[in-house]
Amino acid sequence: GGDRTSGYECAKLQLMRSVDDVNPEEELANLEDYIMETANQLEIGMMGFGGKKTLLGCKIGAVNRIAPSFFVSVAYNCWAFRRRGVFIDPQTGSITEWQYERESQTQTEGETKDSSFEDAIVLSTPLSEEDVRKLKVGDVVVINGQMHTGRDNLHKYLMDHDSPVDLNGGIIYHCGPVMIKDEEGNWKVNAAGPTTSSREEPYQATVIKKFGIRAVVGKGGMGEKTLQGLKKSGCVYLNAIGGAAQFYAKALKKVTGVHFLEEFGVPEAMWHLEAEGFVAIVTMDAHGNSLHKDVHEQSRMKLSDFEKRVF
């Protein structure tokens, strides 16, 4: 309810509620329970990859409205474990105990555990069409070599201009990185999580074909035009993990250059990065298969079963 301003504010406030609380308004409590039950039957899953658990919580608030309008505002939050706690010895300043971690997860600061990726397919740039045609939906890959960031401004530019670097066999990463300069004035990647790829749907297939790109990295998947472009040109879409910007920053070891920094700004510039151990999942392959399309179609079929709602 409310207007656009008060409705959005109310929706955001719901994110601050405890996951296990009970709504004091019985009607809203019933609605929360219904949405939790039915949404998790859609089997959309984490990151849209399919699975039995889609929502971890649903909270609803109500505010007064004027008669001619009835806004419904939705605020959604992706869950990520973004905190870490320690006990520190006040005398020495040393860490005596880590918090929020299971014993099996404890590791030395800065150490990267890769035991989960032992069966991953290693991709070293530049990629060949043969390399890419071997990949299929569900494959876990580890990227080594050069990657190039590209968001809205770059894709629009590449539609009508040449690339400032050779992209043949290359990888475009849908990412607006957070960059810093060290004491020597060299650029370093501070955070580099994937951005939503669907924004590049009008451009992607054309850019892939024009420059011989072999892989696109982002999150959320892309549409039918891009899927057909992947199949025709021999390219794959790799889904990176949303919310893991610090994890990916550690895998981007070096900044080898940048273009369009002054024209587009830091997030939209074309950063050239050297990757080592960059992990992603093939969710759209070069054979016309798309995990995103499959999950979308299956969940829509399930959604039709809930058209008539009873609270």
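The notes below deal with the structure included here. Here the structure is a predicted model, which is why all the values come from computation and not from measurement.

1. Considerations on unusual backbone geometry
Now for step 1: With an omega of 0°, the peptide bond running from Thr125 to Pro126 counts as cis.
Now for step 2: In this model, Glu43 sits at a positive phi of 55°, which is unusual for a non-glycine residue.
Now for step 3: Along the chain, Glu43 turns up in the loop between helix H2 (26–39) and strand E1 (85–88).
Now for step 4: For Glu43, a relative accessible area of 28% gives the class partly exposed.
Now for step 5: A positive phi angle, near 65°, is found at Phe260, a position not held by glycine.
Now for step 6: Residue class for Phe260 comes out buried when judged on its relative accessible area of 11%.

2. Digging into the packing of helix H5 (residues 201–211) against helix H6 (residues 224–233)
Now for step 1: Running from N to C, H5 and H6 point in directions that differ by 10°, and their axes come no closer than 8 Å. Between H5 and H6, the crossing angle belongs to the class labelled roughly parallel. Here Glu201, Pro202, Gln204, Ala205, Ile208 and Lys209 of H5 lie close against H6, whose contacting residues are Glu224, Lys225, Thr226, Gly229, Leu230, Lys232 and Ser233.
Now for step 2: Looking at side-chain class alone, the contact of H5 with H6 contains four nonpolar, four polar and five charged residues.

3. As for the packing of helix H4 (residues 152–160) against H5
Now for step 1: The interhelical angle for the contact between H4 and H5, taken along N-to-C directions, is 55°, at an axis separation of 9 Å. What the angle tells us is that H4 and H5 run oblique. Of the two possible hands of crossing, H4 and H5 adopt the one that is left-handed. Within the contact between the two elements, H4 uses Asp152, His155, Lys156, Leu158, Met159 and Asp160 and H5 uses Pro202, Tyr203, Gln204, Thr206, Val207, Lys210 and Phe211.

4. Here we look at the nonpolar core
Now for step 1: Residues Met147, Tyr173, Val189, Val217, Leu238, Leu252 and Phe278 are the most contacted members of the largest nonpolar core, which totals 32 residues.
Now for step 2: Breaking this core down by element, the ones donating at least two residues are strand E4 (140–149), strand E5 (171–173), strand E8 (215–218), strand E9 (236–239), helix H7 (245–251), strand E10 (252–259) and strand E11 (270–284).
Now for step 3: Among the elements that line this core, the one with the most residues is E11, at six residues.
Now for step 4: The contacts of Phe278, once residues within four sequence positions are left out, are Val141, Val142, Ile143, Met147, Tyr173, Val217, Tyr248, Ala251 and Leu252.
Now for step 5: If you look at the next biggest cluster of nonpolar residues, it comprises 17 residues, including Leu158, Phe211, Ile213 and Val216.

5. A look at the environment of Gly7
Now for step 1: Inspection of the secondary structure puts Gly7 in helix H1 (residues 4–14).
Now for step 2: On the accessibility criterion, Gly7 (5% relative accessible area) is buried.
Now for step 3: Spatially, the C-alpha atom of Gly7 lies 44 Å from that of Ser163, the residues being 156 residues apart in sequence.
Now for step 4: Here Gly7 is in contact with Gly1 and Ser73, once residues within four sequence places are set aside.

Definitions and limits used
- Residues numbered from 1 in each chain as written.
- Predicted model: local features only at pLDDT ≥ 70, side-chain atom pairs only at ≥ 80, totals over all residues.
- Heavy atoms only, no water.
- Helix = DSSP H or I, 4+ residues; strand = E, 2+ residues; numbered from the N terminus.
- Buried < 20%, exposed > 50% of the residue type's maximum accessible area, 1.4 Å probe, protein only.
- Axes fitted to C-alpha atoms, helices over the stretch in contact; angles between N-to-C directions.
- Parallel < 35°, antiparallel > 145°, perpendicular 65-115°, else oblique.
- Contact = heavy atoms within 4.5 Å.
- Nonpolar A, V, L, I, M, F, W, Y, C, P; charged D, E, K, R; others polar.
- Left-handed = near helix turned anticlockwise from the far one by under 90°.
- Core = buried A, V, L, I, M, F, W, Y, C linked by side-chain atoms within 4.5 Å.

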